[in-house]
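Summary of structural features
Chain by chain, the residues:
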Amino acid sequence: MRYLKIACNPPPHIVKSCTMKNQQAGNQKRSQKAAETWNKRKAEIVWLYQSQMWSQARIAEYYGVTLAGIQKAMKRLAIPSHSHGRRGTLNGRYKDGSESTLYRLMIQKDKCAMCPATTGLVIHHRNFDHQDNHLENLQVLCLPCHSSLHKREWWRRRKLQL
Ligand SMILES: [Zn+2]
Ligand SMILES: [Zn+2]
């Protein structure tokens, strides 16, 4: 973790994660952190689920969690399920306004952002902070592009360290 602190010069909102040193932080703290993360994702999940009609399985895959995990999180966030929820009450919420561009960017996840690949896609965090799930920080990449990007970043940081 130390090299992160030296090498990156992060904007204030990610300083915390760059300098975070104690993996032994208590369980309570961790679950609180998870709750915060899911709270931040709530608008995004609601939009994907109720406006874009993504399945829970697809959303789970998108965030890299299990189906049970996403179900638990959605329950905690009080997002009604398709079967007995009032579907579409939030439809159109993001159709106008600045946010729509971001959501559209996110939805273009059928293709790598750097090459024409359409399979083996992953979500990359542009600032390399996996806690920062703001849409503008997310990018869809195929595995080869993703790993070469991370290799390049690794070398960049290593050079800064020497
Ligand atoms: Zn690619
Ligand atoms: Zn990445």
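Just above, that's the structure.
For clarity, every value in this text was computed on a predicted model and none was experimentally measured.

**Digging into the overall build of the protein chain**
- Across its full length, the protein chain carries seven helices and two strands.
- Ordering the α and β elements of the protein chain from the N terminus gives α-α-α-α-α-α-β-β-α.
- Counting every position in the protein chain, which comprises 162 residues, the buried fraction comes to 12%.
- Once local pairs closer than 6 in sequence are excluded, the contacts in the protein chain between residues at least 24 apart make up 55%.

**Brief notes about the environment of phenylalanine 128**
- Its location among the elements puts phenylalanine 128 in the loop between β1 (121–125) and β2 (138–142).
- Expressed as a C-alpha distance, the spacing of phenylalanine 128 and glutamate 153, which sit 25 residues apart in the sequence, is 9.1 Å.

**A word on the environment of asparagine 137**
- Here asparagine 137 is to be found in the loop between β1 and β2.
- We classify asparagine 137 as partly exposed; it has 17 C-beta atoms within 10 Å.
- Spatially, the C-alpha atoms of asparagine 137 and isoleucine 123 are 9.7 Å apart, while their sequence positions differ by 14 residues.
- Setting aside anything within four residues of it in sequence, one finds asparagine 137 in contact with His125, Arg126, Asn127 and Asp132.

**A word on the nonpolar core**
- With nine residues, the main nonpolar core is built from Trp38, Ile45, Trp47, Leu48, Tyr49, Ile59, Ile70, Ala73 and Met74.
- Elements supplying a minimum of two residues to this core: α3 (27–51) and α5 (67–76).
- Among the elements that line this core, the one with the most residues is α3, at five residues.

**A few points about the packing of helix α4 (residues 56–63) against α5**
- Interhelical geometry of α4 versus α5 gives an angle of 100° and a closest axis separation of 8 Å. In terms of orientation, α4 lies roughly perpendicular with respect to α5. For the pair formed by α4 and α5, the contact residues are Gln56, Ala57, Ile59, Ala60 and Tyr63 on the first element and Leu67, Gly69, Ile70 and Gln71 on the second.
- Split into classes, the residues belonging to the contact of α4 with α5 amount to six nonpolar, three polar and no charged.

**Some thoughts on unusual backbone geometry**
- Of note, alanine 78 is a non-glycine position whose phi angle comes to about 60°, a positive value.
- Considering the arrangement of structural elements, one finds alanine 78 in the loop between α5 and α6 (99–107).
- What makes alanine 78 exposed here is the crowd of 7 C-beta atoms within 10 Å.
- Not every positive phi belongs to a glycine, and phenylalanine 128 is a case in point at roughly 65°.
- Using a count of 19 C-beta atoms within 10 Å as the deciding quantity, one classes phenylalanine 128 as partly exposed.

Analysis parameters
- Starting from 1, residues in each chain are numbered consecutively following that chain's sequence as written.
- To label them, take the chains in the order written and letter them from A, then take the ligands in the order written and number them from 1.
- For this predicted model, a pLDDT threshold of at least 70 governs which residues receive local features, and a threshold of 80 or more governs which side-chain atom pairs are given and counted, while totals over whole chains, interfaces and linings are taken from all residues.
- By definition, any uninterrupted DSSP run of H or I lasting at least four residues is a helix, any uninterrupted run of E lasting at least two residues is a strand, and each is numbered from the N terminus.
- Buried, partly exposed and exposed are defined by the number of other C-beta atoms within 10 Å of a residue's own C-beta, namely 20 or more, between the two limits, and 12 or fewer respectively, with C-beta atoms placed from the backbone.
- In this description, a residue-residue contact is defined by the distance between C-beta atoms placed from the backbone, which must lie within 7 Å.
- Residues enter a nonpolar core if they are buried, belong to Ala, Val, Leu, Ile, Met, Phe, Trp, Tyr or Cys, and are joined to the set through C-beta atoms within 7 Å.
- Only C-alpha atoms enter the line fits that serve as axes; for helices the fit covers just the stretch in contact. Angles between N-to-C directions range over 0 to 180 degrees.
- Roughly parallel here means an angle under 35 degrees, roughly antiparallel means over 145, roughly perpendicular means 65 to 115, and every remaining angle is called oblique.
- For this classification, Asp, Glu, Lys and Arg are treated as charged, while Ala, Val, Leu, Ile, Met, Phe, Trp, Tyr, Cys and Pro are nonpolar and the rest, including Gly, are polar.

Spatial relationships are all this shows, so hold off on functional conclusions.
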